[in-house]
Amino acid sequence: MRQRRLTVVITLLCCVQFHVRFCHEVEDGISRSHFPEGFLFGTSTSSYQIEGAPFEDGRGLSNWDVFSHTPGKIKNDENGDIADDHYHRYLEDIELISSLGVNVYRFSISWTRILPRGIYGDINPSGIMFYNKIIDNLLLRGIEPFVTIHHYDLPQELEERYGGWISPLIQKDFVRFAEICFKSFGDRVKYWITMNEPNLVGELAYKLGIYSPGHCSPPFGNCYNGNSDVEPLIVIHNMLLSHAKAVELYRKYFQVRGKRIKGHDGSLISKPHMLTQAKQGGTIGIVAFTFMYEALRDEECDKQAVNRALAFATAWVLDPLYPAEMRSILGSQLPVFTPKEKSLIKGSLDFIGINHYGTLYAKDCSLSACSPEADHPISGFVETSGTRDGIPIGDQTGMEKFFVVPRGMEKIVDYMKIRYHNMPMYITENGYSSLLKPDVTKHDLLQDLERIEFHKAYLSALIRAIRKGADVRGYIIWSLLDNFEWTSGYDTRFGLYYVDRHTLERIPKLSVQWFSSFLNNTISFMESFGDRVKYWTTINEPSLIVDFAYMRGSYPPGHCSPPFGNCYTGNSDVEPLIAMHNMLLSHAKAVELYRKHFQAKQGGTIGIVAYTIMYEPLRDENVIDKLVLDPLVFGEYPAEMRSILGNQLPVFSPKEKSLIKGSLDFIGINHYGILYAKDCSLSACSPEANHPISGFVETSGTRDGIAIGDQTGMTTLFVVPRGMEKIVDYIKIRYHNMPMYITENGA
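Everything quoted here is computed from the prediction, not taken from an experiment. (Residues numbered from 1 in each chain as written. Predicted model: local features only at pLDDT ≥ 70, side-chain atom pairs only at ≥ 80, totals over all residues. Heavy atoms only, no water.)

Q: Let's hear about a nonpolar patch on the surface: which residues, and what values?
A: There is a patch of nonpolar side chains on the surface, built from Phe 55, Leu 61 and Val 66 and spanning about 270 Å² of accessible area. With respect to the helices and strands, the residue Leu 61 is situated in the loop between α1 (47–50) and α2 (63–68). What makes Leu 61 partly exposed here is its relative accessible area of 36%. (Patch = residues over 30% accessible without salt bridge, like charges linked within 9 Å, V, L, I, M, F, W, Y side chains within 5 Å. Areas by Shrake-Rupley, 256 points an atom, 1.4 Å probe, with all protein chains shown as cover. Salt bridge = Lys/Arg side-chain N within 4 Å of Asp/Glu carboxyl O. Helix = DSSP H or I, 4+ residues; strand = E, 2+ residues; numbered from the N terminus. Buried < 20%, exposed > 50% of the residue type's maximum accessible area, 1.4 Å probe, protein only.)

Q: Before we move on, can you summarise helix α8 (residues 198–206) with the specific residues and values?
A: The element α8 is largely enclosed, with a buried count of eight among its nine residues. Where α8 is buried, its residues contact α6 (156–162), β5 (191–196), α9 (231–255), β8 (283–295) and α10 (300–318). (Contact = heavy atoms within 4.5 Å.)

Q: Let's hear about the pairing of β5: which residues, and what values?
A: Counting buried positions along β5 gives six out of six residues, so the element sits mostly inside the fold. Looking at chain direction, strand β4 (residues 144–150) and β5 are connected through four bridges and run parallel. When the bridges of β5 are listed, Phe 146 appears paired with Tyr 191. Where β5 lies against β8, four bridges are found, and the strand directions are parallel. The residue bridging Ile 193 from the neighbouring strand is Gly 285, located in β8. (Pairing = 2+ DSSP bridges.)

Q: A description of the domain arrangement of the protein chain should follow, citing residues and the corresponding values.
A: Taken as a whole, the protein chain is organised into domain 1 (40–258 + 277–527) and domain 2 (535–745). In this structure, domain 1 and domain 2 have C-alpha centres spaced 44 Å apart. Residue-level contacts link 13 residues of domain 1 with 15 residues of domain 2. Carbon and sulfur atoms supply 62% of the area buried between domain 1 and domain 2, which totals about 1,200 Å² over both sides. (Domains from an automatic or database assignment. Buried area = accessible area lost by both parts, 1.4 Å probe.)

Q: Quick rundown of the nonpolar core? Include the residues and the values.
A: Judged by nonpolar contacts, the single largest core of 148 residues is most densely connected at Phe 35, Trp 165, Phe 185, Trp 192, Val 413, Leu 462 and Tyr 475. Counting 49 residues, the second-largest nonpolar core is a separate cluster that includes Ala 549, Phe 564, Ile 660 and Tyr 730. (Core = buried A, V, L, I, M, F, W, Y, C linked by side-chain atoms within 4.5 Å.)

Q: Account for helix α15 (residues 449–467), naming residues and giving values.
A: Relative to the 27 Å expected for 19 residues at 1.5 Å per residue, α15 spans 27 Å between its end C-alpha atoms, a close match to the ideal helical length. At the C-terminal side of α15, Gly 469 shows a positive phi close to 110°. (Expected span 1.5 Å × (residues − 1).)

Q: Before we move on, can you summarise the packing of α15 against helix α16 (residues 510–520) with the specific residues and values?
A: Interhelical geometry of α15 versus α16 gives an angle of 30° and a closest axis separation of 8 Å. Looking at the two axes, α15 sits roughly parallel to α16. For the pair α15 and α16, the crossing hand works out as right-handed. Seen from α15, the contacting residues are Leu 449, Arg 451, Ile 452, His 455, Lys 456 and Leu 459; seen from α16, they are Leu 510, Ser 511, Trp 514 and Phe 518. Its residues placed into classes, the contact of α15 with α16 shows six nonpolar, two polar and two charged. (Axes fitted to C-alpha atoms, helices over the stretch in contact; angles between N-to-C directions. Parallel < 35°, antiparallel > 145°, perpendicular 65-115°, else oblique. Left-handed = near helix turned anticlockwise from the far one by under 90°. Nonpolar A, V, L, I, M, F, W, Y, C, P; charged D, E, K, R; others polar.)

Q: Tell me about the state of the cysteines, and name the residues and values.
A: Within the structure shown, the criterion is met by four disulfides. Put simply, Cys 365 and Cys 370 are joined by a disulfide, and their sulfur atoms are 2.2 Å apart. With the S-S dihedral at roughly -95°, the linkage between Cys 365 and Cys 370 falls on the left-handed side. Covalent S-S linkage joins Cys 680 and Cys 685, the inter-sulfur distance amounting to 2.1 Å. (Disulfide = S-S within 2.5 Å.)

Q: Describe the packing of aromatic side chains, with residues and values.
A: Scanning all chains against the criterion turns up 52 aromatic pairs. When the centroid spacing of 5.6 Å and the interplanar angle of 65° are considered together, the rings of Tyr 152 and Tyr 211 count as edge-to-face. Within this pair, whereas Tyr 152 is found in the loop between β4 and α6, its partner Tyr 211 is found in the loop between α8 and α9, the two being separated by 59 residues in sequence. For Tyr 152, a relative accessible area of 8% translates into the label buried. Through a chain of ring-to-ring contacts, the aromatic side chains of Tyr 48, Trp 64, Phe 67, Tyr 152, Tyr 211, Phe 484, Trp 486 and Tyr 490 assemble into a single cluster. Its end group placed over the ring of Phe 130, Arg 113 keeps NZ or CZ at 5.8 Å from the ring centre. (Phe/Tyr/Trp six-rings, centres within 6.5 Å; stacked < 30°, edge-to-face > 60°. Lys NZ or Arg CZ within 6 Å of the ring centre and 35° of its normal.)

Q: So what's going on with unusual backbone geometry? Residues and values would help.
A: Residue Pro 213 is bonded to the preceding Ser 212 through a cis peptide linkage, with omega at 10°. In this fold, Pro 213 is placed in the loop between α8 and α9. Here the amide bond leading from Trp 478 into Ser 479 is cis, since omega sits at 10°, within 30 degrees of zero. Turning to its location among the elements, Ser 479 is positioned in the loop between β16 (472–478) and β17 (497–499). The phi dihedral of Tyr 152 falls on the positive side, at around 80°, and the residue is not glycine.

Q: Which residues make up the environment of Leu 233, and what values go with them?
A: Relative to the helices and strands, Leu 233 resides in helix α9. You can call Leu 233 buried: its relative accessible area is 2%. The contact partners of Leu 233, leaving out residues within four places of it in the chain, are Trp 316, Tyr 322, Leu 330, Gln 333, Leu 334, Pro 335 and Ile 378.

Q: Describe the side chain of Lys 207, with residues and values.
A: If you trace the backbone, Lys 207 turns up in the loop between α8 and α9. Only 3.2 Å separates the side chain of Lys 207 from the side chain of Ser 379, close enough to count as a polar contact. Filtering out sequence-adjacent residues up to four positions away, Lys 207 remains in contact with Gly 202, His 215, Cys 216, Phe 220, Ser 228, Pro 232, Ile 378 and Ser 379. (Polar contact = N/O pair within 3.5 Å; in protein donor to acceptor, adjacent residues only side chain to side chain.)

So, in structure tokens, the structure goes:
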């Protein structure tokens, strides 16, 4: 019996606008496909920790500029004057973000870059311009900006005039800052965080005194000024009211579609010439720092201590009007919300941001002897520790209290789900800092296997919580880069990318390869099937996807704008260009990976499939296919497009050009027929054809009422066999007779 060999051609992404459910799991059984459709994966940073350039382009002096220059406050007396120099290298960093394959990037806005003197000065247009460039470049690469308005740094002038967060005056200042952010960036930002970790600000800045402005009192520390029993309560009270007032403003004037914007206090946007349509439709929340806690002893008092520890940390920020566990201990010491403030603050969240790094033991101090710090009402009469009987609760990391306890992720999400009625959640920070060793080498830091294992374990715990019904919608790694880690300076490293402190070169750690593989799953396909698959196509018909999905809106996700269609969202003149740009770069990066790691040993070939209609008689050209194939062969969009669209076309960076050029072993041709093409630059045409995005070309299957060929079951597909010969001739000449496969032809 004669055996026949079946040749398999696998298309990696048949329709890339869909969420693809990958079949092969990443190591240890966890893969991206296990997470809900639309789940966000990303990395995070904050302004002071990476930007540098403290006095460039009008930026004002911040509280952390002053604090970090105070001798003895920061390890090695380091500061954020240079940090990672992100202010000058933001395009390079965005390229790194894009190369990972993430769909979200969390960053913060420097208050002093936008309002150098707070409410006492003018808006700094250079600051607005800087963040506009970041946001636009992220969106160009298909990455959603997840923006934190306040991440610890604020104008020093506010500290000096009225004490910063100690004073209720800061509420007006913060809302002013938030208003400018909403007005300047909200048309493109759909995820807003008002504040990062108010609970940690209260503890580290006003109780322990180790963060700016360094307030504390014994037994918590010996600071120049402060009251550790009182000031944390006042500060968090002011932060919560500032948050609630910013949310009220956002919901009233920006979030809901179709309203007219008027400034909340007659400032900034209430002038007639600044009225705009509110069509932002984003969401807004707050981020809480969250340890999980476990009872030190198997006793009821320690189990109650766990509840108090969670209340005095997490629930202090998230409960509407202070948790009962706090009220029972602090009583009248707690600041009071007025009836109006109560209605304002209650329900002032669309989502909860969770920053989670580890788990600690909790011990009751109401019935047991504890340290002087723990035996205070402000501490909830709870003492926390990372060890029990000398044994750590988990593997140690580079941060003293951060232990690797993956089950804590599942537990803290369960706790949030129950306490807050399964409000949408995002893991806004989760990360690993390598254990500090005196003899550590650069090579050791780059081979960060522990970080990879950390994230795999925490993702596994997170998916367990999601499977039990938790509404978690994103996971964001801290951090993109090694950076200025506050009082720890630069020795503590959370980054996926190592930053050389002398040259500021970004060098990928091993975790970059893992995270990119996890996100893209391309490597998993090739590992799983590549020993037997010799023909790979990355994407099927990118030109058809942009035409139907982002110009006409007839394919998912259904984006368009008039005259091409009437969709709920979309821009038919812009989005097709962005979508195509991202697909071409995705293809090129997949090809680079295949050629680097698999092709030599597996012996296969890789290409892309273009949808090809041939045209007669006015233009014997195919603009759509050149849009797909020209960049992959020549490294640039076709001249015919550049002459019409000009600077509307997305730009390939030099690195992207070298990556994309020549990223084909063969061309796949899907061919079904021929159409007539009519010029619209000199002739009257339909509104759709008379657009730059259409190349000023109108196509039709008839001329003078006579069809170009026999009709088929598809209205624009006609039987014209000569078109096959012509399209193959065309591709042969234009692309130097590169190998071709007719990957689809039918009627």
